[in-house]
Amino acid sequence: MPVGRSELVAAELGHGTTWAVLLHQTDGDGLCGWWPYANWLAVQGVHVLAIDLCGYGRSTCPAAVTADQSGQAVAALNWARRHGAHRVTLVGASMGGAVSLPAASEGRADAVVDLSGPPDWPGTDLQQDVRRLTMPTLLSVSPTDPTFIPAYRRALAEIPAAHKRLVVYEGGHGYQMLGYRDNWSRLGELVRDWITGEKTG
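Below is a short write-up of the structure. (Residues numbered from 1 in each chain as written. Predicted model: local features only at pLDDT ≥ 70, side-chain atom pairs only at ≥ 80, totals over all residues. Heavy atoms only, no water.)

1. A few points about the overall build of the protein chain
What counts, and what does not: Secondary structure elements are defined from DSSP: runs of H or I of at least 4 residues count as helices, runs of E of at least 2 residues count as strands, and each element is numbered from the N terminus. We take the radius of gyration over the C-alpha atoms and set the globule estimate at 2.2 Å times the residue count to the 0.38 power. A 1.4 Å probe rolled over the protein chains alone gives each residue an accessible area, and that area as a share of the maximum for its type sets the label: buried under 20%, exposed over 50%, partly exposed in between. Working rule for contacts: check all heavy atoms of both residues, and any pair within 4.5 Å makes them a contact. Note that accessible areas follow from Shrake-Rupley with a 1.4 Å probe, and for residues the cover is restricted to the protein chains shown. Lys and Arg are tallied as positive, Asp and Glu as negative. Neither His nor the chain termini are counted. Charge placement uses NZ in Lys and CZ in Arg. For Asp and Glu, CG and CD serve respectively.
Of regular secondary structure, the protein chain possesses seven helices and 11 strands. What you see for the protein chain is a C-alpha radius of gyration of 15 Å, in line with the 17 Å of a compact globule of 201 residues. In terms of principal-axis extent, the alpha carbons of the protein chain reach across some 40 × 35 × 30 Å. Counting every position in the protein chain, which comprises 201 residues, the buried fraction comes to 57%. Looking at the protein chain alone, contacts between residues at least 24 apart form 72% of all its contacts between residues at least 6 apart. With an accessible surface of roughly 8700 Å², the protein chain has 49% of that area assigned to carbon and sulfur atoms. Counting 16 positive and 19 negative side-chain charges, the protein chain places the averaged centre of each group 6 Å from the other.

2. A short note on the state of the cysteines
Stated formally: When two cysteine sulfur atoms are found within 2.5 Å, that pair is recorded as a disulfide.
Taken as a whole and judged by the stated rule, the model has one disulfide. No disulfide involves C32; its sulfur sits 17 Å from the nearest other cysteine sulfur, which is in C54.

3. Examining helix α1 (residues 35–43)
Considered for burial, the residues of α1 that qualify are Y37, A38, W40, L41 and A42. Once α1 finishes, G45 follows within two positions and takes phi at roughly 100°, a positive value.

4. A look at the pattern of salt bridges
Just so we agree on the cut-off: Salt bridge criterion: a side-chain nitrogen from Lys or Arg within 4 Å of a carboxyl oxygen from Asp or Glu.
If you walk through the whole model with that rule in mind, you get three salt bridges. The partner of D129 in a salt bridge is R132, and the shortest N-O contact between them spans 3.1 Å.

5. Topic: the side chain of D145
Here D145 shows up in the loop between β8 (137–141) and α6 (148–158). Apart from residues lying up to four places away in sequence, D145 is in contact with S116 and H173.

6. Some remarks on the environment of A93
By secondary structure assignment, the location of A93 is in strand β6 (residues 87–93). For the pair A93 and Q72, spaced 21 residues apart in sequence, the C-alpha to C-alpha distance is 15 Å. Residues contacting A93, with those up to four places away along its chain left out, are L23, H24, Q25, W34, L115, G174 and Y175.

7. So, the environment of A10
By secondary structure assignment, the location of A10 is in strand β3 (residues 10–13). When the C-alpha positions of A10 and L22 are compared, they lie 9.6 Å apart, and in sequence the two are 12 residues distant. Dropping the residues within four chain positions of it, A10 is found in contact with L31, L49, A50 and I51.

8. Considering the nonpolar core
Test applied: The criterion is simple. A nonpolar core is a set of buried Ala, Val, Leu, Ile, Met, Phe, Trp, Tyr and Cys residues joined through side-chain atoms within 4.5 Å.
Among the nonpolar cores identified, the biggest contains 39 residues, and V21, L23, L90 and L133 are the most heavily contacted of them. Contributing elements (two or more residues each) for this core: β4 (18–23), β5 (47–51), α3 (69–82), β6, α4 (95–107), β8 and α6. Sort the elements by how many residues they give to this core and α3 lands first, with six residues. Discounting chain neighbours no more than four positions away, the residues touching L23 are W34, I51, L53, A73, L90, V91, G92, A93, G96, V99 and S100.

9. What to know about the packing of α1 against helix α7 (residues 186–196)
Operational definition: Only C-alpha atoms enter the line fits that serve as axes; for helices the fit covers just the stretch in contact. Angles between N-to-C directions range over 0 to 180 degrees. Between 65 and 115 degrees an angle is taken as roughly perpendicular, under 35 as roughly parallel, over 145 as roughly antiparallel, and anywhere else as oblique. Here a crossing is called left-handed whenever its near helix is offset anticlockwise from the far helix by less than a right angle, and right-handed whenever the offset is clockwise.
Where α1 meets α7, the axes come as close as 11 Å, and the angle between the chain directions of the two elements is 50°. Taken together, the axes of α1 and α7 lie oblique to each other. α7 is crossed by α1, and the crossing has right-handed handedness. Contact with α1, carried on its side by Y37, W40 and L41, involves G188, E189, V191, R192 and I195 of α7 and no other residues of that element.

Rendered as C-alpha cells:
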C-alpha cells in the first residue's frame, strides 16, 4: 500500500463492503499478532485490512511519515474506501489503540475501537483526542493496566458520540483480551459486532 514515498505492508482478508482496519501493538509480531482474530473476522463476513505501521515488519517510510502514525492509519482508511468499503471501523490494540482515536476523527471512520491504548502514547493525547469522536466508540482496558482505568473513565465522559462504551475486561493487554483461536471472549464478539454495526445502532 503506497503512501507517498512510503510503502505500508498490509494483509487483506475476506470480502464485502464492511471493513475493519487493524492497528497492531508494539511487540515484534506487527500485523501478524492480529492474524487469528483477523481470520475469524473474515469468516464472520468482515473485510479485514491489517497493516504494519512504519518501522514494523517490512513497511518502509521516511522519518516524517514514520513519526505520523495517525496519518498512516488515515491512509489505510482511505485505501479501504477506494477499494469498495462502505463501512470502515478502525480497531487498534495498545499502541494501535492510542493511534486509532485521532486517526478515526481525522479519517472519519464509521466506528472506532481502542483496546488498551496508553493514554500518553507519543503523538496522541487521550483526553483531547476523544473530544473529536462523533462516531460509535468502544474503549476497553484490563485491570492489568490499573493506571489506565481512571484515564479511560474520564475520557468516556468527554466523547460526544451518541454510542460510546467502556468495557473493563479481565484478560490481559491489547488483543489478548479478545481471547484465542476457537475461544473468542465476550469482548472479542463485542468488537466484531461493533465493526459490523450490530451493537452501535
